[in-house]
Amino acid sequence: MKKKKIAVGAILLAIVVFICTPFSRYPLSLLIMNVYSAVNESESLMEEKGIELSVPGGDETEADDWYPFVMTFNADRAFSDFAGESGLRLTILYNFPAFDQLKGCSRLYDPHSPYYCGFYGAYLLSGRDGKGLPYGFTENGSLNVEMAAQVPRFDYQNLVLADFGIEADKQVFQWNVTEVKRDLNYAGSNGWTRVDADLTMNGTCHERDGFRRSYLQYGSPGWSPDDKDTEPFAPVNMKGRVYGKYFKEWDTGIFFYVMAADEMVLENCDRDILSRSSVR
């Protein structure tokens, strides 16, 4: 009996030690985000309108590039407040850079990684109840380039940066359009508009100061001496790309997006992952 108690105690101690190490953060993230994403998906625009929208995750490529699966989050009220219009619906599908297992966090935080601040995924917008096309589109169904830029701005500033603790008056997000292409074939259908842009926005590199809810998914920042040359949340130049299309059958606007500090990362993500998405 004494040996059994010692064995149980050793197992519990090992579990506690594991939880306190960086190596526990990745499996914890996978567990939490699987459940949290499933709850949001059950209340999403896809579920409400019968839209089958699939975006591949990082487990679909051989490279150690992105998190294994794409997550779902609903930001209806927050986006309505941001846009100044009541009743808007916004469902976000998103993915972020893969974990650095030694640091126990996503490369999202690493200013020396080509995946720094990188995200990709999709937005679904609806909710004007017949009073006009969804946010981001003109009355004739074409993409409003300037309005479309506000969706990733809202996402990055209100849902990413704010949860890291940076004050609103210190947030930076500049979106300068460099090219617009219309009537493209993408994700299995015609009629998409692609917008390429240069971005300047706050980086995510910072030193942990207490607990943040976002640390459950990204891990807490793996701050190292190499990062000391980077000011917390220092602005960084990025590349951004958005594909947008209005779907009349669902009265819903759908955007695919990717942004990355490294242009090759953006191109590879678009070609190898995002373009393999489907909408049915």
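Please refer to the structure higher up on the page.
Residues numbered from 1 in each chain as written. Predicted model: local features only at pLDDT ≥ 70, side-chain atom pairs only at ≥ 80, totals over all residues. Heavy atoms only, no water.

### Some points on the overall build of the protein chain
The criterion, for reference: The helix count covers DSSP runs of H or I at least four residues long, the strand count covers runs of E at least two residues long, and both are numbered beginning at the N terminus. For every residue, the accessible area obtained with a 1.4 Å probe (protein chains only) is divided by the maximum for its type, and the residue is called buried under 20%, exposed over 50%, and partly exposed between those limits. Working rule for contacts: check all heavy atoms of both residues, and any pair within 4.5 Å makes them a contact. Using a 1.4 Å probe, the Shrake-Rupley method yields the accessible areas, and only the shown protein chains count as cover for residues.
A tally of regular secondary structure across the protein chain gives 7 helices and 11 strands. Each of the 280 residues in the protein chain was classed as buried or not, and the buried ones make up 51%. Taking the contacts inside the protein chain whose residues are at least 6 apart along the sequence as the reference set, 70% of them involve residues at least 24 apart. As displayed, the protein chain has an accessible area near 13700 Å², and 52% of this comes from carbon and sulfur atoms.

### Digging into the environment of His112
Residue placement: His112 occurs in the loop between strand S5 (105-106) and strand S6 (119-126). Residue His112 is classed as partly exposed on the basis of its relative accessible area of 48%. Distance from His112 to Thr230, taken between C-alpha atoms, is 9.8 Å for residues 118 residues apart in sequence.

### Looking at a nonpolar patch on the surface
The test is simple: Residues form patches when they are more than 30% accessible in relative terms and have no salt bridge. Like charges link within 9 Å. Nonpolar side chains (Val, Leu, Ile, Met, Phe, Trp, Tyr) link within 5 Å. Whenever a carboxyl oxygen of Asp or Glu lies within 4 Å of a side-chain nitrogen of Lys or Arg, that contact is scored as a salt bridge.
Among the surface-exposed residues, Leu31, Val35 and Val39 lie close enough to one another that they form a single nonpolar patch of about 280 Å² accessible area. Position of Val35 among the secondary structure elements: in helix H2 (residues 25-42). Overall, the relative accessible area of 51% leaves Val35 in the exposed class.

### Some words on H2
The following threshold applies: An expected span of 1.5 Å times one less than the residue number is assigned to each helix.
Taking 1.5 Å per residue as the helical rise, H2 with its 18 residues ought to reach 26 Å, and the 26 Å between its terminal C-alpha atoms agrees with that figure. Where H2 is buried, its residues touch strand S2 (71-74), strand S3 (89-95), strand S4 (99-100) and helix H6 (215-218).

### Considering unusual backbone geometry
Although it is not a glycine, Cys117 adopts a positive phi angle of roughly 65°. Structurally, Cys117 can be placed in the loop between S5 and S6. According to the relative accessible area criterion, Cys117 is buried, its value standing at 0%.

### Looking at the packing of aromatic side chains
Two aromatic rings, taken as a pair, are described by how far apart their centres are and by the angle between their planes. Short version of the rule: In this analysis, rings of Phe, Tyr and Trp, with Trp reduced to its six-membered ring, are considered paired at centre separations within 6.5 Å, and the interplanar angle assigns stacked below 30 degrees, edge-to-face beyond 60, and tilted for intermediate values.
Enumeration according to the criterion identifies 29 aromatic pairs in this entry. Both rings, one in Phe137 and one in Phe255, keep their centres 5.4 Å apart while their planes meet at 35°; by these two values the pair is tilted. Of this pair, Phe137 sits in the loop between S6 and helix H5 (145-164) while Phe255 sits in strand S10 (residues 252-260), and the two are 118 residues apart along the sequence. When sorted by exposure, Phe137 lands in the same class as Phe255, which is buried. Site record: aromatic cluster; members linked through ring pairs are Tyr26, Tyr67, Phe69, Phe96, Phe99, Tyr109, Phe119, Tyr156, Phe164, Tyr215 and Tyr218.

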